[in-house]
Amino acid sequence: MTEPLIIETAFGPLRIDDPNAVHRSFSDHERYCHESLRVQNKLGVMVPMQLGPAQKKLNAIVERCREKGKPVRIVAPKARQVWISVGVAAQFFQGTAALAGQHTLVLANDEATALNLFQHYQRFADHYRPFGGAFKLPAVLRNTKTEIEWTNGSWIKAHTTRTLSIGRSFTLRRVHFSEAAYYSDLKTTMTAVMAAVPADKDTMVVVESTPNGIGNEFHRLCLSAYEGRSEWELLFIAWWENPEYSRPLADPGKFQATLSREEIEMMRQYGLQLEQLHWRRWAIANICNGDAELFKQEYPGNFHEGFLASGRPRFSLAAIQRMPLVHDAVQGGLEETVYAGSPRIHFMPRERGELTLFRKPDPAKTYVIGADSAEGIDTNEGEGEADPDYSVAIVRERESGDQAATLRGRIEPAEFGRYIALLGRWYNNACLIPEANNTGIATIDALLIAGYPPSLIYHRMREPDDDPKVRADKIGWKTTTVTRPQLISWYDNAIREMSIYIRDPQVASEAQTFVIKPNGKAEAQKGCHDDCVIADALTVIAMMQMPKPKAPADALPKPQLSRYGRSVESDSRGERLRLR
């Protein structure tokens, strides 16, 4: 009996005379890279490719997409030189060279970058080692500085963005858009090229770049992936994930004594070592000419940091980055049932639910809710795919200012009113402050019809220039050219002083993209939302101005109030609505 042919590899023994075993091992991307591909190290020596943190994160997303049977679509905002490009090249080479009829396109903004990227593929081809002795490459038909074509009909080509006709001439299986944020017209480029990419599970597209401002096409693509609004998977690579970004210290104790508050917070947030912070200081001084903000753009530490606002940020980015965000909070929705004749409210977890929960209601605490109903405004201003605004309600613990929940969805104003009435009841009959502009009127009306106590809903204060003959007991916050700057200013102070804690990454994202436009108005950057900002700012007003209930909601006095053509009265059975 013939002994099986087994070779020892870094990943264990491999039986090379068994085609099935070789094929199964070939699908192990990390093993394939180490056994078959060679890369050039900093000394210029060709060595087996070992996946680093960035390449492992990339491969994990690829495997997850394939397990789900969906096309691989990845958008990757990144720090400089975290080796994402060579990771993409390894993925593409494995799926192209050994299989017949595979077409791969690598796109760059300029010729120098295109040539540099293509060198990865040329090294793979020139130094390839047959995997398990079985997966040999076919003969090369053409090999130039920007193209490799094999006799099996597969090819890999590198082009600049000026060569748009390539996407219309061939069916493409893999596409790499490199440094996409710097394309002159990313939207047009992607439209032309993506039309040639089938939507089957074996296709792969990666759009990667260092950030280049807020509101551009790359930022929109990243934001839609971050918020789960598209098929694109987000792959973020921070500077501190690169093991090479570290410098030794002669005296760690002395260095630690000089740490700034920002550096201490980064150590806590990212689990950094002193040597990594030492490298960061060196990079700011020697690579970024002493510009710490430029470092954040070129070497971001988190998803939002690199997207420096093209306008002036209205809120302190440093303060927002100190917020204790929760990225894995449970999502779901509220449902009301009747048990033994009594209504009960339940939270039902479900994927991508409209309600994100950070803290369940605590019977010993009181809560406030700020609510901003959607007006149907398109953040893209009619360009490209419509992205209308959201109805948003933010729940905060009144005593601590900590965020408890976020309700966010494209909900009609009346239904939104009924929902926040349910949400308010669940959170111990919370104090509500809805906006009274436009669609907010329908939301307030639905609140009252749902039986929410008017005494727990915000009443506007009389303005100095109001007519004294006009009643002042009107429900809801009215946003005007006078009150809007006040609302934003109070919210800014709360963020800077950390008298509130933002838990929701979506709220933090909108606060970071809320800028001062050239006309002096503070609002969301084009292509971004500000619904969470307005709703959250209203919670600050509620904590500042609304009296804290001293008794259960059903025992509070309920004065007669005038509400939008209705009269709200109290009687022995509680509140009721009577048409005037």
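Here, the structure is the one placed above.
In this report, the structure presented in the accompanying data block is examined. (Residues numbered from 1 in each chain as written. Predicted model: local features only at pLDDT ≥ 70, side-chain atom pairs only at ≥ 80, totals over all residues. Heavy atoms only, no water.)

1. Comments concerning the overall build of the chain
- Broken down by element type, the chain carries 18 helices and 25 strands.
- Here the analysis covers contacts within the chain between residues at least 6 apart in sequence; of these, 68% occur between residues at least 24 apart.
- Taken as a whole, the chain presents about 26,700 Å² of accessible surface, with 51% of it coming from carbon and sulfur. (Helix = DSSP H or I, 4+ residues; strand = E, 2+ residues; numbered from the N terminus. Contact = heavy atoms within 4.5 Å. Areas by Shrake-Rupley, 256 points an atom, 1.4 Å probe, with all protein chains shown as cover.)

2. Here we look at the environment of Glu 244
- Tracing the chain through its elements places Glu 244 in the loop between strand S12 (233–234) and helix H9 (252–256).
- On the basis of relative accessible area, Glu 244 is assigned to the partly exposed category, the value being 39%.
- Put simply, Glu 244 and Val 82 are 162 residues apart on the chain and 8.9 Å apart in space, counted from C-alpha to C-alpha.
- Sequence-distant contacts of Glu 244, defined by excluding residues within four places in its chain, comprise Lys 42 and Trp 83. (Buried < 20%, exposed > 50% of the residue type's maximum accessible area, 1.4 Å probe, protein only.)

3. Considering the pattern of salt bridges
- As enumerated under the stated definition, the model contains 31 salt bridges in all.
- Notably, a salt bridge pairs Arg 80 with Glu 298, separated by 2.2 Å at the nearest N-O pair. Taken together, the positions of Arg 80 in the loop between strand S5 (72–77) and helix H4 (84–96) and Glu 298 in helix H12 (residues 292–298) put the pair 218 residues apart, joining distant regions of the chain.
- With a relative accessible area of 13%, Glu 298 lands in the buried category.
- The partner of Glu 263 in a salt bridge is Arg 281, with the nearest N and O atoms 2.8 Å apart. Of this pair, Glu 263 sits in helix H10 (residues 261–270) while Arg 281 sits in helix H11 (residues 274–286), placing them 18 residues apart in sequence. (Salt bridge = Lys/Arg side-chain N within 4 Å of Asp/Glu carboxyl O.)

4. Some points on helix H3 (residues 53–67)
- The end-to-end C-alpha distance of H3, which contains 15 residues, comes to 21 Å, matching closely the 21 Å that a straight helix rising 1.5 Å per residue would cover.
- Listed as buried for H3 are Ala 54, Gln 55, Leu 58, Asn 59, Ile 61, Val 62 and Cys 65. Seen from one end, H3 has its buried residues packed into an arc of 160°, which puts them on one side. (Expected span 1.5 Å × (residues − 1). Arc of directions from axis to C-beta.)

5. Describing unusual backbone geometry
- Backbone geometry places Glu 179, a non-glycine residue, at a positive phi of 50°.
- Structurally, Glu 179 is set in the loop between strand S10 (174–178) and helix H7 (186–194).
- Backbone geometry at Asn 428 places phi at a positive 55°, although glycine is not the residue there.
- Along the chain, Asn 428 falls in the loop between helix H14 (413–426) and strand S20 (431–434).

6. Thoughts on the packing of helix H2 (residues 29–36) against H4
- Where H2 contacts H4, the axes come no closer than 11 Å and their chain directions differ by 90°. Looking at the two axes, H2 sits roughly perpendicular to H4. Residue-level contacts link His 29, Tyr 32 and Cys 33 of H2 to Ala 90, Gln 91, Phe 93 and Gln 94 of H4.
- The residue makeup of the contact of H2 with H4, split by class, is four nonpolar, three polar and no charged. (Axes fitted to C-alpha atoms, helices over the stretch in contact; angles between N-to-C directions. Parallel < 35°, antiparallel > 145°, perpendicular 65-115°, else oblique. Nonpolar A, V, L, I, M, F, W, Y, C, P; charged D, E, K, R; others polar.)

7. With respect to the pairing of strand S18 (residues 391–397)
- The element S18 is largely enclosed, with a buried count of seven among its seven residues.
- Burial along S18 is two-sided: Ser 391, Ala 393, Val 395 and Glu 397 facing one way and Val 392, Ile 394 and Arg 396 facing the other are all buried.
- Of the pairings in the sheet, the one linking strand S17 (residues 367–372) to S18 comprises six bridges and is antiparallel in character. Note on S18: the bridge partner recorded for Gly 370 is Ile 394.
- As paired elements, S18 and strand S19 (residues 403–409) share six bridges and run antiparallel to each other. Of the residues in S19, the one forming a bridge with Ile 394 is Thr 406.
- Between S18 and the antiparallel strand that follows it, S19, lie five residues; Gly 401 among them carries a positive phi value of about 75°. (Pairing = 2+ DSSP bridges.)

8. A word on the sheet that holds strand S15 (residues 342–349)
- Spatial ordering of the open sheet is given by S15-S14-S16-S19-S18-S17-S20, a layout of seven strands whose pairing is mixed. Two strands bound the open sheet, and with one partner strand each, they are S15 and S20. Neighbouring strand axes in the sheet, compared pairwise and without regard to direction, differ in orientation by 25° on average.
- In this sheet, S19 lies alongside strand S16 (residues 355–357) in antiparallel orientation, the contact comprising three bridges. In the strand pairing of S19, Thr 356 is matched with Thr 406.
- Across the sheet, H14 is in contact with strand S14 (330–339), S15, S16, S17, S18, S19 and S20; its angle to S14 comes to roughly 85°.

9. Things to note about the packing of aromatic side chains
- Tallied over the entire structure, the rule returns 20 aromatic pairs.
- Measuring from ring centre to ring centre gives 4.5 Å for Tyr 226 and Phe 303, while their planes differ by 5°; the resulting arrangement is stacked. Here Tyr 226, found in helix H8 (residues 217–226), pairs with Phe 303, found in the loop between H12 and strand S13 (312–313); they are 77 residues apart in sequence, far enough to count as distant.
- Relative accessible area serves as the criterion here: at 7%, Phe 303 is assigned to the buried category.
- An angle of 75° between the planes, with centres 5.2 Å apart, marks the rings of Trp 426 and Tyr 427 as edge-to-face. Neither Trp 426 nor Tyr 427 differs from the other in exposure class; each is buried.
- Members of the aromatic cluster, connected to one another through ring pairs, are Tyr 32, Phe 93, Phe 124, Tyr 128 and Trp 150. (Phe/Tyr/Trp six-rings, centres within 6.5 Å; stacked < 30°, edge-to-face > 60°.)

10. Points about the sheet that holds strand S21 (residues 514–516)
- Spatially, S13-S21-S22 is the arrangement adopted by the three strands of the open sheet, whose pairing is antiparallel. Strands with a single pairing partner mark the edges of an open sheet, and in this sheet they are S13 and strand S22 (522–524).
- Here two bridges tie S13 to S21, and the two strands are oriented antiparallel to one another. Paired with Pro 313 across the strands is Val 515, a residue of S21.

11. Here's the deal with the nonpolar core
- Counting 67 residues, the largest nonpolar core has Phe 315, Leu 334, Leu 407, Leu 423, Tyr 427, Tyr 491 and Ile 495 as the members making the most contacts within it.
- For this core, the element with the most residues is helix H18 (residues 531–545), which contributes nine residues.
- In this structure Phe 315 touches Ile 320, Ile 488, Tyr 491, Asp 492, Ile 495, Ala 511, Phe 514 and Val 533, once residues within four positions along its chain are discounted.
- Judged by nonpolar contacts, the second largest core, of 60 residues, contains Leu 37, Ala 79, Val 86 and Ala 283. (Core = buried A, V, L, I, M, F, W, Y, C linked by side-chain atoms within 4.5 Å.)

12. Here we look at the packing of helix H17 (residues 505–512) against H18
- Running from amino to carboxyl end, H17 crosses H18 at an angle of 105°, the nearest separation of the two axes being 8 Å. Comparing their axes, H18 and H17 come out roughly perpendicular. Between H17 and H18, the residues in contact are Gln 506, Val 507, Glu 510 and Ala 511 and Asp 531, Cys 532, Val 533 and Asp 536, respectively.

13. Section: the pairing of S5
- Buried residues dominate S5, accounting for six of its six residues.
- Of the two faces of S5, both are covered, the one formed by Val 72, Ile 74 and Ala 76 as well as the one formed by Arg 73, Val 75 and Pro 77.
- When S5 meets strand S11 (residues 204–209), the two strands line up parallel, connected through six bridges. Looking at S11, one finds that Ala 76 is bridged to Glu 208.
- The pairing of S5 with S12 spans two bridges and is classified as parallel. Within the sheet, the bridge partner assigned to Val 75 lies in S12 and is Leu 234.

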